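Spelled out, the chains give:
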Amino acid sequence: MHWITRFSAVFSAALAMILLSPSLRSFSPAAAIRSSSHPDSGEFISRHHSSSSFRESPIFRNADQCRSSGEDSGVCNPNLVHVAITLDIDYLRGSIAAVNSILQHSMCPQSVFFHFLVSSSEIQTLESLIRSTFPKLNNLKIYYFAPETVQSLISSSVRQALEQPLNYARNYLADLLEPCVKRVIYLDSDLIVVDDIVKLWKTSLGPRTIGAPEYCHANFTKYFTGGFWSDQRFNGTFKGRNPCYFNTGVMVIDLKKWRRFKYTKRIERWMEVQKMERIYELGSLPPFLLVFAGHVAPISHRWNQHGLGGDNVRGSCRDLHSGPVSLLHWSGSGKPWLRLDSKLPCPLDTLWAPYDLYKHSH
C-alpha cells in the first residue's frame, strides 16, 4: 500500500506547515480563469486545455481479489461502482485530479464507472482530453446536460459561479444516466479521495433516497431568507423533520427511489417558488435542503472534510476538522490549483498537488 506511506508523508508535511507557517493562512488568490459560459469557451479549451495539457495518469489495475471489472459488459454490469462528476473549463483541472485520486486509492479501479456531465458545446474535445489523460480508463461515458433544461429556473446567487447550469446537473442524474444504474456517487470537482471509493459506495441508505455527511451544529436558518421563515406558506416545510445542513458535493443517491418519487420535479417546484418569492440566496443547495433535509442517511464526516476553499472568505485558509480523513473538499471560493499557481497556497493545498496532472503546473 504505497499510497498510505505517500499520503502520510504529505499529510505530515502539511500539518507541519500549518504549525510552523502561520503567515500562510492568508493569501491573494489568482484571478479565476474565464467562465465556461463565455462565447469563446471552445477557443479557451483548445488554447489552454488541449489533450497535450495533461500528463497521462499513472498506471492502475484491479487487485487479484476484485470481481469482474465489467470493462467489456458496459454500464449495466452489477459489479460496477458508479461515480458522477462534472466537466467544465473552470474546474477541469480539479475534475481530472479527483478522478486520478479515486483510481490511485481504489483496490478495484477498473470496476469504477465514471459518468461525466458536460454542458459545453465542446463535448467531443472534452471527451478526447479525458481519454488521452486516462488512456486505460475504459469505464467512462460523457453525458450532455443541456443548459436550457434548467436555465429558466436559476435565480441570481451570492456568487456568479453558483449560477452556472452545470451546478444543477446533479438534479437530473436519474434522467441522464441509464435506467439500469440504480445507485450513483455524486462528487464535486474540487476534491480528492484518499480512501477506497468502494467504502463510500457500500454505505447503507436504509429507507432514504440520498446519503451525505450531515452537520447538525450549523445554523440551518441562515440558508433561507427571513421572508421564508415568516411566511406561513413556507415555515412549516420542515415540521416533523430534524433538518440539518449537508453539502451536496458528496452524495450517495438511490436513483431507483429518486425516479419512483420524482424528486427532480420536487426540486424544480421549489426553484419556481424561488423565482417568485426569493426564499434563499445560495444557488443549487437550498432546493436540496427543502426536499431532503431531515430525510438524509447520515454518512461519516470523514467522507467530506469540506470548507478547505475558505467558505467564500477570500484570503482565508482552513485546517482539517478533527477525525479521520477519506475525502478532502475545497468547497468555497478558493481552489487549490489557482492558489498553487499563484505561489501563495494554503498549507492543505499540498495534499491536492500530487494528484494534479496538469503539465504546466510544475
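I will try to describe carefully the structure that is included in this document. Just so you know, the residues in each chain are numbered from 1, in the order the chain's sequence is written. Given that the model is predicted, a residue must reach a pLDDT of at least 70 before its local features are reported, and side-chain atom pairs must reach 80 or more before they are shown or counted; all residues, however, enter totals for whole chains, interfaces and linings. Water and hydrogen atoms were dropped before computing side-chain values, which therefore reflect all heavy atoms in the structure.

1. A short note on the overall build of the protein
(1) Moving on: Counting its secondary structure elements, the protein contains 12 helices and 11 strands.
(2) Moving on: With a 1.4 Å probe rolled over the protein chains alone, any residue whose accessible area is under 20% of its type maximum counts as buried; one over 50% counts as exposed, and the rest are partly exposed. Here the protein holds 362 residues, and 56% of them are scored as buried.
(3) Moving on: Within the protein, counting contacts between residues at least 6 apart in sequence, those at least 24 apart form 78% of the total. A run of H or I in DSSP counts as a helix once it spans at least four residues, and a run of E counts as a strand once it spans at least two, with each numbered from the N terminus. The contact rule is simple, with two residues in contact once any of their heavy atoms fall within 4.5 Å.

2. A look at the sheet that holds strand 6 (residues 210-212)
(1) Moving on: Taken together, the 7 strands give an open sheet; going across it, the order is 3-2-1-4-9-6-10, and neighbouring strands pair in mixed fashion. Either end of the sheet is taken by a strand with one partner, and the two such strands are strand 3 (140-144) and strand 10 (297-298).
(2) Moving on: Following DSSP output, two strands are said to pair if at least two bridges run between them. Of the strand pairs in this sheet, strand 6 and strand 10 are connected by 2 bridges, and their pairing is parallel. In the sheet register, glycine 211 faces strand 10, and the bridge partner there is alanine 297.
(3) Moving on: Its contacts with the sheet place helix 3 (residues 92-105) against strand 1 (81-87), strand 2 (112-118) and strand 4 (183-187), and it is angled at close to 165° to strand 1. Helix axes use the C-alpha atoms of the stretch in contact, all axes being lines fitted to C-alpha atoms, and the angles between their N-to-C directions lie in the range 0 to 180 degrees.

3. Considering unusual backbone geometry
(1) Moving on: The backbone of arginine 278 sits at a positive phi, close to 55°, despite the residue not being glycine.
(2) Moving on: By the secondary structure assignment, arginine 278 is in the loop between helix 9 (263-277) and helix 10 (285-292).

4. Concerning the environment of proline 347
(1) Moving on: Considering the arrangement of structural elements, one finds proline 347 in the loop between helix 11 (336-341) and helix 12 (349-352).
(2) Moving on: Here the alpha-carbon distance between proline 347 and aspartate 319, two residues 28 residues apart in the chain, equals 8.3 Å.

5. Comments concerning the nonpolar core
(1) Moving on: We call a set of buried residues a nonpolar core when its members are Ala, Val, Leu, Ile, Met, Phe, Trp, Tyr or Cys and they connect through side-chain atoms within 4.5 Å of each other. In this structure, Leu173, Phe224, Phe246, Ile253, Trp258 and Phe292 are the most contacted members of the largest nonpolar core, which totals 50 residues.
(2) Moving on: Each residue touching phenylalanine 246, except ones within four places of it in the same chain, is listed here: Ile210, Ala212, Pro213, Glu214, Met251, Leu285, Phe288, Leu289, Phe292, Ala293 and Val296.

6. Looking at the side chain of glutamate 214
(1) Moving on: Looking at the secondary structure, you find glutamate 214 in strand 7 (residues 214-215).
(2) Moving on: One buried charged residue, glutamate 214, remains without a salt bridge, the closest side chain of opposite sign being arginine 208 at 8.0 Å.
(3) Moving on: Excluding its chain neighbours within four sequence positions, the residues that come into contact with glutamate 214 are Cys244, Tyr245, Phe246, Val296, Pro298, Ile299 and His301. Only four residue types enter the tally: Lys and Arg on the positive side, Asp and Glu on the negative side, with His and both chain ends excluded. Salt bridges, as used here, are contacts in which a Lys or Arg side-chain nitrogen is within 4 Å of a carboxyl oxygen on Asp or Glu.

7. Observations regarding the side chain of arginine 183
(1) Moving on: Within the element layout of this structure, arginine 183 appears in strand 4.
(2) Moving on: Reaching out from arginine 183, the side chain makes a polar contact with the backbone oxygen of tryptophan 201 at a distance of 2.6 Å.
(3) Moving on: Pairing of N or O atoms within 3.5 Å defines a polar contact, subject to two protein rules: one partner must be a possible hydrogen donor and the other a possible acceptor, and residues neighboring in sequence count only if both atoms are side-chain atoms. Within the structure, the side chain of arginine 183 is placed 2.8 Å from the backbone oxygen of threonine 203, a separation counted as a polar contact.
(4) Moving on: Apart from the residues within four sequence positions on either side, arginine 183 is in contact with His82, Trp201, Lys202, Thr203, Leu205, Val252, Ile253 and Leu255.

8. Describing the state of the cysteines
(1) Moving on: Note that a disulfide, as used here, is simply two cysteine sulfur atoms within 2.5 Å. Using the criterion set out here, one finds 4 disulfides in the structure.
(2) Moving on: A sulfur-sulfur distance of 2.1 Å marks the disulfide that ties cysteine 76 to cysteine 180. Residues cysteine 76 and cysteine 180 are joined by a disulfide whose S-S torsion is about -80°; by sign, that bridge is left-handed. Highlighted residues: cysteine 76 in the loop between helix 2 (41-48) and strand 1 and cysteine 180 in the loop between helix 5 (173-176) and strand 4, separated in sequence by 104 residues.
(3) Moving on: Note on cysteine 76: relative accessible area 46%, which makes it partly exposed.
(4) Moving on: Assessed through its relative accessible area of 27%, cysteine 180 is described here as partly exposed.
(5) Moving on: The cystine pairing of the protein, numbering bonded cysteines in sequence order, is 1-3, 2-4, 5-6, 7-8.

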